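Geometric and topological summary
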Number of protein chains: 2
Amino acid sequence: MKKTSLEEQILQTAEELFLEKGFDATSTTDIAKKAGCNQALVHYYFRTKENLFMQIFAKKQEMVFSCLKLKEESDFQTALNDFIDAYFELLMKNRKLPFFIINELIMRDDRRQYFRKKVIESPEYLKYYGVWNTMLQKEIAEGRVRPIELSDLTLHIVSLIVFTFISLPLYSDFFEKDETEIATYLNHRKEAIKEVIFKGIS
Amino acid sequence: MKKTSLEEQILQTAEELFLEKGFDATSTTDIAKKAGCNQALVHYYFRTKENLFMQIFAKKQEMVFSCLKLKEESDFQTALNDFIDAYFELLMKNRKLPFFIINELIMRDDRRQYFRKKVIESPEYLKYYGVWNTMLQKEIAEGRVRPIELSDLTLHIVSLIVFTFISLPLYSDFFEKDETEIATYLNHRKEAIKEVIFKGIS
DNA sequence: GCTGTGTTTAATAGGTCTATTAAATTTGGC
DNA sequence: GCCAAATTTAATAGACCTATTAAACACAGC
């Protein structure tokens, strides 16, 4: 029936807890307790907490990365619009993802090096950057977009999107919003961000 | 000469370490070691780690808050420009501040309640929100700014500014930037943010 | 020089955490 | 039903962390 159920269970529980509280604040005892097994079992299957964590971190990092792999559309504006949609869609389903990644990258040097190697310096990443840049330069040359560097545009967009999700726990807490209100809020934010970006680059 | 030197020293060292690594990752042993005293002395002066931390957190929170208290200018656009300048100036001198505050607010419910009580629900904060809103509505009514909610505009600006500083360790690490390059980068970002905001709301 | 007060230290209690070890238990193949 | 391998547990080593306690030290005022 449930083959190697506990190994799966541990991995899944660890994912929840690491995303919720981060690496430091999550103990293997916590994971075992929530997964319904002995703490030693966590080490039996994954040997170290670091191992277990890295399996999850690599997966989540890949999720963030995958959003960059966007279909090359003819129209820059459409591509950009789709990109924002895709990113928002991903993060609406994984609200804790931005803070999780950022937090681990800031706190730990080795995680930063790992991310750099796997994402920033990957040929794929560099290729996509080139594609986007070509499209942007064409837009600028043809006067549909004001002169702006891709690095700035990217950081604008990432800032606006990511910070929305990083600050989400504060929003829901400070203003006592329930689940449906949050969903409405997020959709509203998505459109507001598109508006300020598209107006801001034209 | 150096009256109650060690108490001062402990407070100062604690500030550095808490800002650098956060509450959880900083031990009273770390603080004592760096301050050059016995670990028990930290508890002698501040009793608990939490006490010590809260003195620092309250101060830092107040710094963030103080930026909202902007002189009321006649011109909305100037006021907004000055606000961005002030915020950037503060954070350029306190680069770790944004992540420090955000991190503690996200990680701990009680910190969030404290912040809410002291900042979000303070009469001052509400008053400033009202003043800004009046100015914004006037701009919109007179056609100088497109219809936009103050909450959205605020979140746009805060996202763009705060994320610049949150992601700064990644920027300097990934692209191997030195101190002067970082200063240049930050000034560049400030202007780029102003540009996208001002174009984005007109 | 003694005394009392404030400062600093060493020592330690009591807790949690990661990781390991050895023993118990389960399971599948024959 | 039995054996070997895989799974799960209890127990524990060793490290570190917060907070307290009691003792040592410094020094001001007399």
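**Concerning the protein's contact with DNA strand D**
Near DNA strand D, the surroundings consist of 18 residues, among which N38(A), Y45(A), T28(B), H43(B) and K49(B) are the closest. Atoms of DNA strand D within 4 Å of the protein belong to the sugar or the phosphate in 63% of instances, the rest to bases. One nitrogen or oxygen atom from the main chain of T28(B) is found 2.8 Å from a phosphate oxygen belonging to DNA strand D. Q39(B) has a polar side-chain atom sitting 3.1 Å from a base nitrogen of DNA strand D. Residue classes in the surface near DNA strand D are distributed as 7 nonpolar, 9 polar and 2 charged.

**Quick look at the relation of the copies chain A and chain B**
Of the transformation superimposing chain A on chain B, the axial component is 0.0 Å and the angular component is 180°, with the fit at an RMSD of 0.0 Å. Here the copies are linked by what is in effect a two-fold axis. Rotation axis and chain A: the residue whose C-alpha lies nearest the axis is G200(A), separated from it by 2.0 Å. Of the residues that chain A buries at the interface, 100% are likewise interface residues in chain B, meaning the two copies contact each other through the same surface.

**Brief notes about the domain arrangement of chain A**
How big an interface is tends to be stated in terms of the accessible area lost upon association of its parts. Residues and elements named next belong to chain A. Considered domain by domain, chain A is made up of domain 1 (1-47) and domain 2 (57-201). A straight line from the C-alpha centre of domain 1 to that of domain 2 covers 30 Å. Each side of the interface is counted separately: domain 1 has 6 residues, and domain 2 has 8 residues. Between domain 1 and domain 2 lies a buried interface of about 620 Å² when both sides are counted; carbon and sulfur atoms form 53% of it.

**Remarks on the interface of chain A and chain B**
Contact residues are listed per partner, giving 43 residues for chain A and 43 residues for chain B. At the boundary of chain A with chain B, total buried surface from both sides reaches about 4000 Å², with 68% on carbon and sulfur atoms. Linking chain A with chain B are 8 salt bridges. A salt bridge links D173(A) to R112(B); the nearest nitrogen and oxygen atoms lie 3.0 Å apart. Counting the contacts that link chain A with chain B gives 18 residue pairs in polar contact (both at pLDDT 80 or more). Elements that contribute at least two residues to the side of chain A that touches chain B include exactly helix 1 (5-25), helix 6 (97-107), helix 7 (109-120), helix 9 (150-166), helix 10 (168-174) and helix 11 (179-201) of chain A. A class-by-class count of the residues in the side of chain A that touches chain B yields 22 nonpolar, 8 polar and 13 charged.

**Let's talk about the packing of helix 8 (residues 123-141) of chain B against helix 9 (residues 150-166) of chain B**
All names here are of chain B. Across the interface, helix 8 lies against helix 9 with an axial gap of 10 Å and an inter-helix angle of 105°. Taken as axis vectors, helix 8 and helix 9 run roughly perpendicular relative to one another. Here helix 8 contributes Y129, W132, N133 and L136 to the contact with helix 9, which in turn contributes L150, S151 and L153. A class-by-class count of the residues in the contact of helix 8 with helix 9 yields 5 nonpolar, 2 polar and no charged.

**A few points about helix 1 (residues 5-25) of chain B**
Residue and element names in this part refer to chain B. The end-to-end C-alpha distance of helix 1 is 25 Å, clearly below the 30 Å that 21 residues give at a rise of 1.5 Å each. At L19, helix 1 shows its maximal bend, which comes to roughly 85°. On its buried face, helix 1 sits against helix 2 (28-35), helix 3 (39-46), helix 4 (49-66), helix 6 (97-107) and helix 7 (109-120).

**Description of the pattern of salt bridges**
Applying the stated criterion across every chain yields a total of 46 salt bridges over all chains. Note that E142(A) and K138(A) form a salt bridge whose closest N and O atoms lie 3.9 Å from each other. Judged by its relative accessible area of 48%, K138(A) falls in the partly exposed class. D152(A) is the partner of R189(B) in a salt bridge, and the nearest nitrogen-oxygen pair spans 2.9 Å. One end of the pair, R189(B), is in helix 11 (residues 179-201); the other, D152(A), is in helix 9, on a second chain. Take R189(B) and D152(A): they sit in the same class, and that class is buried. Via salt bridges that share partners, E50(A), E104(A), R108(A), D110(A) and R111(A) belong to a single interconnected network.

**Points about a nonpolar patch on the surface**
On the surface, a nonpolar cluster with roughly 310 Å² of combined accessible area is contributed by L6(A), Y44(A) and Y45(A). Position of Y45(A) among the secondary structure elements: in helix 3 (residues 39-46).

**Description of empty space enclosed by the protein**
Throughout the structure, instances matching the rule amount to 4 cavities of 30 Å³ or more. In this structure, the largest cavity occupies an estimated 200 Å³ of space. Along the walls of the largest cavity sit 20 residues, with D24(A), N103(A), M107(A), D24(B) and M107(B) positioned nearest its centre. If you list the elements that add at least two residues to the lining of the largest cavity, you get helix 1 and helix 6 of chain A together with helix 1 and helix 6 of chain B. Split by residue class, the lining of the largest cavity holds 6 nonpolar, 4 polar and 10 charged.

**A word on the protein's contact with DNA strand C**
The full set close to DNA strand C counts 18 residues, and T28(A), H43(A), K49(A), N38(B) and Y45(B) are the nearest of them. Within the side chain of H43(A), one N or O atom sits 3.5 Å away from a phosphate oxygen of DNA strand C. K49(A) is positioned such that a nitrogen or oxygen atom in its backbone is 2.8 Å from a phosphate oxygen of DNA strand C. Of all the secondary-structure elements, those providing two or more residues to the surface near DNA strand C are helix 2 (28-35) and helix 3 of chain A together with helix 3 of chain B. Ranked by residue count, the leading element in the surface near DNA strand C is helix 3 of chain B, at 4 residues. The residue makeup of the surface near DNA strand C, split by class, is 7 nonpolar, 9 polar and 2 charged.

What counts as what
Residues numbered from 1 in each chain as written. Chains lettered and ligands numbered in written order. Predicted model: local features only at pLDDT ≥ 70, side-chain atom pairs only at ≥ 80, totals over all residues. Heavy atoms only, no water. Near = heavy atom within 4 Å. Polar contact = N/O pair within 3.5 Å; in protein donor to acceptor, adjacent residues only side chain to side chain. Nonpolar A, V, L, I, M, F, W, Y, C, P; charged D, E, K, R; others polar. Least-squares fit on C-alpha atoms with pLDDT ≥ 70 in both. Contact = heavy atoms within 4.5 Å. Domains from an automatic or database assignment. Buried area = accessible area lost by both parts, 1.4 Å probe. Salt bridge = Lys/Arg side-chain N within 4 Å of Asp/Glu carboxyl O. Helix = DSSP H or I, 4+ residues; strand = E, 2+ residues; numbered from the N terminus. Axes fitted to C-alpha atoms, helices over the stretch in contact; angles between N-to-C directions. Parallel < 35°, antiparallel > 145°, perpendicular 65-115°, else oblique. Expected span 1.5 Å × (residues − 1). Bend = angle between axes of the 7 residues up to and from the residue. Buried < 20%, exposed > 50% of the residue type's maximum accessible area, 1.4 Å probe, protein only. Patch = residues over 30% accessible without salt bridge, like charges linked within 9 Å, V, L, I, M, F, W, Y side chains within 5 Å. Areas by Shrake-Rupley, 256 points an atom, 1.4 Å probe, with all protein chains shown as cover. 1 Å grid on protein atoms, 1.4 Å probe; cavity = no way out; pocket = protein on both sides within 12 Å on 5 of 7 lines; lining within 4 Å. Points joined across faces, edges and corners; volume = space filled by probe spheres on them.

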